[in-house]
Each structure stands twice: as C-alpha cells, then as structure tokens.
Amino acid sequence: MLARKSIIPEEYVLARIAAENLRKPRIRDRPRKARFIAKNGACNLAHKNIREQGRFLQDIFTTLVDLKWRHTLVIFTMSFLCSWLLFAMMWWLVAFAHGDMDPSTESTMNSTKWTPCVTCVRSFTSAFLFSIEVQVTIGFGGRMMTEECPLAITVLILQNIVGLIINAVMLGCIFMKTAQAHRRAETLIFSRQAVIAVRNGKLCFMFRVGDLRKSMIISASVRIQVVRKTTTPEGEVIPIHQVDIPVDNPIESNNIFLVAPLIICHVIDKRSPLYDISAADLALQDLELIVILEGVVETTGITTQARTSYIAEEILWGHRFVPIVTEEEGVYSVDYSKFGNTVKVAAPRCSARELDEKPSILIQTLQKSELSHQNSLRKRNSMRRNNSIRRSNSMRRTNPSLIVPKVQFITPEGSQSASET
C-alpha cells in the first residue's frame, strides 16, 4: 500500500522501493541443455531431411529389424497373405487354362481317363486352399497335383522357393528383434549419480555399474566420453565435441570382471577435461559425461552395449559410494537397495590443478575433517552421558524405593551425627 503524500513524500517512497529491489538477488534459471544420451541409454537425436530414402531399402534386413514390433507383425502377416493370394491366382489360371473349371469336365472325368492338373480345384477358394497347403506343407490329401501339366510343376517349385525365402527372412527378423543387444542391456544398471572424491591422494570421478543377471558379460570394457559445445580458435562452433577420457584400470586390456557391482574410477589429472573445474565451477559447466559399457553376452555370444550419461547436476562433489558387497555364511551377498547410496566425505573444493600446485590443501582438508569428526564424537558422548544422568534422576524421582534413608550414628562421646549413605 502506498503512503499518503501528506505524511511521506512520493519521491522518498519510490527511491526506497527501488533500493529494496536492488538488494534482492535476481536468480535467473539457466535453460537446461538437452541431453545427448538419456539415462536409459537412448540417443536423443532426430534425423531430418534425409533425401536418399532408397538407401534403407538396399539393406532391407536391417530395416526390418529396426522397425517397431507392430510394423514387423503387419509386414510378417501381409507377406504370407500376399504370397498365398498370388500363387492361388496362378493355380486358378493353370486350372482354368487346362479346362478344370469347366462343369462338363466332371462328367468327362467319370466316363474317360481325363486327368486334371490339380484334383479338386474348381474355384478360386479351392485354389487358395491348395496354395496354403503347398506353401506351408500341410497336405490334407483332398487336393493334389498330377503329372498332367508341366506348368503346374513349375509353379509348385517356384512357390516352394518363394515360401522358403519368406520364412527365412521373416523368422530371422523376429529372432533378431527378440535377441537384440539392447535387451540384455536392460539388466546392466548404472548409478543415478556420479561422485567426485579423493582416492589415493587424487581427485577422482567415480560411478557404479552392476549386472543383475547371473550370466556374465564376457570381455566387458568401459569407456567415458565428455560431450560439450566448443569453439575452435578459428571460430568454428562444434556442437557435439567428443573427448575420450581414460579409466583407471590396473589391467592393460581395460577389461573388467563384472561378477559384482564395481566402482569405475577416472583420475582427474592433466589429461582430463575436468582438470580445471572446481566444486563451485561444476554447476556452471555445460558438459555431459557419457559412459559406454560393451561386452559379449555369455549365453548368446551377441555383443551388447549399455549407455548412460551424467550432467553437472548429477555429479556430487565430496561424496563416496557406500559398500554393498558383504560376506554372509561363506557367500558374497550384494544389497542392491544401496546401489546408488552415497555418503559425504572430506574432499577439497578446489580444482585438481590447484590441488597439484598446492598439495597442502588436501592435508588441511583432512585435518579439518578429523577435528570435526572428533568434535562430533565428543558432543555425541557428552549428549549420551547427559541423557543417562537425566534418565537415572528421573527414575529416582518416580520410584520412592530407590531413595536412600538417613541413618544416625552415635559416637562414643554421646553425640549424634546424621549422615546419608
């Protein structure tokens, strides 16, 4: 509500409102960058304005495998129906040309030794049924081909060849769709968040990966790429600039034995794109770290690939994953309910470059964390001691039998003294 002019001048009121607005921090939400790889591994990419659509038909098998299930089932059904109808028309034409469709031929068959091309084919419906029997080799026995027409034998051979090709292609497509590599990748899981903490005196970027199935992934390897928008010194803008970063693995082949969930570690050193990023700068970075896990499925021998990504908001600085593998009665047990749980640990807030230039920062951080840990232990012990004292006092007040009575002692001099024991 504005003040009246007679009490407060209008110029003073406007100046005060402007000063209050200047003091208030204005927080502008930064527009979220579109992810290149979604959390479930799907590529967030749309192909537009493709002029040469015929290239997809040149690789028809891959095109059929990449189609959606509803489209595949429609093509599967229509391919058989069309082939049956096509050859039914051919069988009908063969029978019509030979005169099997003429009603007078039935009496001729009974009186003379006249033989049709296909027995019991006198309409298009019977020709369609015979076409189905030939292609799927049902053979009910009511309709059969004779040696009367060489053209009919040719049509029979042609239909068998076409039927075998259709069966091989369509059944192969369905098998490949059911056994695709990304189906196995559904049971390969990544932690929802990544962490940055100190390991062996170095800042490290870490995440956890696990396999839910007992059948293992053979020759599994992990790759990490940083995707960001960069500009070259010449002024060229690269919207998706991919940079490979090394993974800390003692094995030279970079293969991992994924029998239990593992924590994959990347040491932030001079080769890392995260070398100059501190904890304060991390939230302002427009980058995305893509994780790719590749391996061979043990049961099928098919190469599979699982993917995920981490943006700046999903990286926790100064956290560490809690252990989830324990030994119980001679068996290693994995608790997947704590798969993505982290705990806060001491970590310097500076960048890895500053940590290499000033190693004393790490020592000071560890000393401060140790002092704070000791102080917290002292406070916890003192609180427990105070609570136990208060509990004992409250029990004495509530239970009169615990109150010790006063006892009088008589000295040899005859004086009495009262004392409480």
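Going by an unreviewed UniProt entry, the protein carries the name KCNJ8 protein and comes from Hemiprocne comata. Comment text from UniProt for the protein, heading Catalytic activity (unreviewed entry), reads "K(+)(in) = K(+)(out)". For the protein, the Sequence similarities (unreviewed entry) comment in UniProt is given as "Belongs to the inward rectifier-type potassium channel (TC 1.A.2.1) family."

## Let's talk about the side chain of lysine 39
Position of lysine 39 relative to the elements: it lies in the loop between helix H1 (10-23) and helix H2 (54-58). Engagement of the side chain of lysine 39 in a polar contact is seen with the side chain of glutamate 314, the distance being 3.4 Å. Excluding its chain neighbours within four sequence positions, the residues that come into contact with lysine 39 are Ser191, Arg192, Arg307, Thr308, Ser309, Tyr310 and Glu314.

## Remarks on the pairing of strand E2 (residues 194-199)
Taken across its 6 residues, E2 has 5 buried, putting it largely inside the fold. Relative to strand E3 (residues 202-211), E2 is paired through 5 bridges, and the arrangement is antiparallel. Paired with valine 198 across the bridge in E3 is leucine 203. Here E2 folds back onto E3 in antiparallel fashion, the turn holding 2 residues, of which asparagine 200 has a positive phi close to 55°.

## Description of the pairing of strand E5 (residues 237-245)
Direction of pairing for strand E4 (residues 217-231) relative to E5: antiparallel, over a ladder of 7 bridges. In the strand pairing of E5, threonine 230 is matched with isoleucine 238.

## Observations regarding helix H7 (residues 150-178)
An ideal rise of 1.5 Å per residue puts 42 Å on 29 residues; H7 measures up with 42 Å between its terminal C-alpha atoms. Those residues of H7 lying buried are Ala152, Val155, Gln159, Gly163, Ile166, Met170, Gly172, Cys173 and Lys177.

## As for the packing of helix H6 (residues 124-136) against H7
The contact between H6 and H7 brings their axes to 9 Å, and the two run at 60°. The pairing of H6 with H7 is recorded here as oblique in orientation. When the axes of H6 and H7 are compared, the crossing they make is right-handed. Only Leu156, Gln159, Asn160, Gly163 and Ile166 of H7 make contact with H6, whose side of the interface consists of Ser131, Val134 and Gln135.

## Some thoughts on the nonpolar core
If you look at the biggest cluster of nonpolar residues, it comprises 40 residues, and the most contacted ones within it are Phe205, Phe207, Leu289 and Leu293. Of all hydrophobic cores here, the second largest spans 14 residues; its members include Val94, Phe130, Val134 and Ala152.

Criteria and thresholds
- Residues numbered from 1 in each chain as written.
- Predicted model: local features only at pLDDT ≥ 70, side-chain atom pairs only at ≥ 80, totals over all residues.
- Heavy atoms only, no water.
- UniProt positions renumbered as here; feature names shortened; annotations may be inferred.
- Helix = DSSP H or I, 4+ residues; strand = E, 2+ residues; numbered from the N terminus.
- Polar contact = N/O pair within 3.5 Å; in protein donor to acceptor, adjacent residues only side chain to side chain.
- Contact = heavy atoms within 4.5 Å.
- Buried < 20%, exposed > 50% of the residue type's maximum accessible area, 1.4 Å probe, protein only.
- Pairing = 2+ DSSP bridges.
- Expected span 1.5 Å × (residues − 1).
- Axes fitted to C-alpha atoms, helices over the stretch in contact; angles between N-to-C directions.
- Parallel < 35°, antiparallel > 145°, perpendicular 65-115°, else oblique.
- Left-handed = near helix turned anticlockwise from the far one by under 90°.
- Core = buried A, V, L, I, M, F, W, Y, C linked by side-chain atoms within 4.5 Å.

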